[in-house]
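# Understanding the architecture of this molecule
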Amino acid sequence: MKIKLFKLLVPALVLIASGALTMSCADKYYYETGADYIDEFYTVRRSDWAWNDYYERFEYFFSNRNIDEYMYEDGVTNGYTWLYEDGVETRKQLEYTYSAEYDDEWFDVTISYDISYDYDTRDGHIGFFIRFPYGNDYNPSFLRNIIPSSLDFKVTLLWTNSNY
């Protein structure tokens with residue numbers, strides 16, 4: 001009789017203990033949340049960039065209706081661009097410093113510049129920027145020739161879903 005009771009008691013205790021552990025851990029470590037995201041793609045051609053004398057940078061802005069105060073408070077953005085390095089396309093997260101070789105009959109130099117982005121909730125736009133560390137040491141029309149003929153960007157907007 002003791003052996004039969006012992007055979008039933010051990011599995012019952014294991015079952016109760018595992019159930020208690022499962023129930024106690026569920027609330028501490030696993031939460032049901034919801035999130036939404038949008039991938040936005042942009043292309044800026046060399047001729048589209050406008051020089052800003054005050055900030056000493058090239059810039060271009062796109063309107064985006066998804067950029068608002070809710071996005072600022074409860075969201076996150078990630079920006080990327082694609083560049084060719086040694087003939088291989090690579091995706092780089094922004095802000096990124098890129099080095100380009102410029103070679104003509106007068107110059108043979110490597111010039112670095114920063115590619116970045118920002119967004120403004122007041123008027124709902126995304127801006128892309130190219131800034132050369134030495135600003136106005138060079139004429140902006142010279143610097144424009146160093147920029148790739150076209151840059152593609154991806155901005156991912158991620159925000160919490162209020163329906164959860």
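Parameters at a glance
Residues numbered from 1 in each chain as written. Predicted model: local features only at pLDDT ≥ 70, side-chain atom pairs only at ≥ 80, totals over all residues. Heavy atoms only, no water. Pairing = 2+ DSSP bridges. Helix = DSSP H or I, 4+ residues; strand = E, 2+ residues; numbered from the N terminus. Axes fitted to C-alpha atoms, helices over the stretch in contact; angles between N-to-C directions. Salt bridge = Lys/Arg side-chain N within 4 Å of Asp/Glu carboxyl O. Buried < 20%, exposed > 50% of the residue type's maximum accessible area, 1.4 Å probe, protein only. Patch = residues over 30% accessible without salt bridge, like charges linked within 9 Å, V, L, I, M, F, W, Y side chains within 5 Å. Areas by Shrake-Rupley, 256 points an atom, 1.4 Å probe, with all protein chains shown as cover. Lys, Arg positive; Asp, Glu negative; His and termini not counted. Charge placed at Lys NZ, Arg CZ, Asp CG, Glu CD. Core = buried A, V, L, I, M, F, W, Y, C linked by side-chain atoms within 4.5 Å. Contact = heavy atoms within 4.5 Å.

Moving on, we come to the sheet that holds strand β9 (residues 150–160). Ordered by their spatial adjacency, four strands build an open sheet running β1-β9-β4-β5, and the pairing between neighbours is antiparallel. Two strands bound the open sheet, and with one partner strand each, they are β1 (35–45) and β5 (88–93). Going across the sheet, the axis of each strand differs from the next one's by a mean of 20°, ignoring polarity.

This part is about the pattern of salt bridges. On inspection of all chains with the given rule, the structure shows two salt bridges. We note a salt bridge from Lys154 to Asp39, for which the minimum N-O separation is 3.9 Å. Residue Lys154 is located in strand β9, and its partner Asp39 is located in strand β1; the two are separated by 115 residues in the primary sequence. With relative accessibility at 30%, the residue Asp39 sits in the partly exposed group. The shortest N-O distance in the salt bridge between Glu59 and Arg57 comes to 2.9 Å. No difference in accessibility class separates Glu59 from Arg57, as the two residues are buried.

Here the focus is a negative patch on the surface. Taken together, Asp68, Glu69, Glu73 and Asp74 make up a surface patch of like negative charges. Take Glu73: it is sitting in helix α2 (residues 69–74).

The tendency in soluble globular proteins is for nonpolar side chains to be buried side by side. Counting 31 residues, the largest nonpolar core has Trp49, Ile115, Phe128, Ile130, Phe132 and Phe153 as its most contacted members. Counting residues per element, the ones that place at least two in this core are β1, β3 (57–63), β6 (96–103), β7 (108–120), β8 (125–131), α3 (140–144) and β9. Not counting residues within four places of it along the chain, the set of residues in contact with Phe153 comprises Glu40, Phe41, Tyr42, Val44, Trp49, Tyr80, Thr81, Trp82, Leu94, Ile115 and Phe128.

This part is about the pairing of β3. Sheet analysis places strand β2 (residues 50–52) next to β3, joined by three bridges and oriented antiparallel. Bridge assignment links Asn52 to a residue of β3, and that residue is Arg57. Where β2 hands over to β3, the hairpin turn is made up of four residues, of which Glu56 adopts a positive phi near 50°. Alignment of β3 against β8, held across six bridges, turns out to be antiparallel.

Judged by side-chain polarity, Tyr37, Val76 and Leu158 come together as a nonpolar surface patch covering roughly 290 Å² of accessible area. The topology assignment puts Leu158 in strand β9. Here Leu158 falls in the partly exposed class, since its relative accessible area comes to 36%.

On to unusual backbone geometry, then. Following Leu94, the chain continues to Glu95 via a peptide bond in cis, the omega torsion being 10°. Of note, Glu95 is situated in the loop between β5 and β6.

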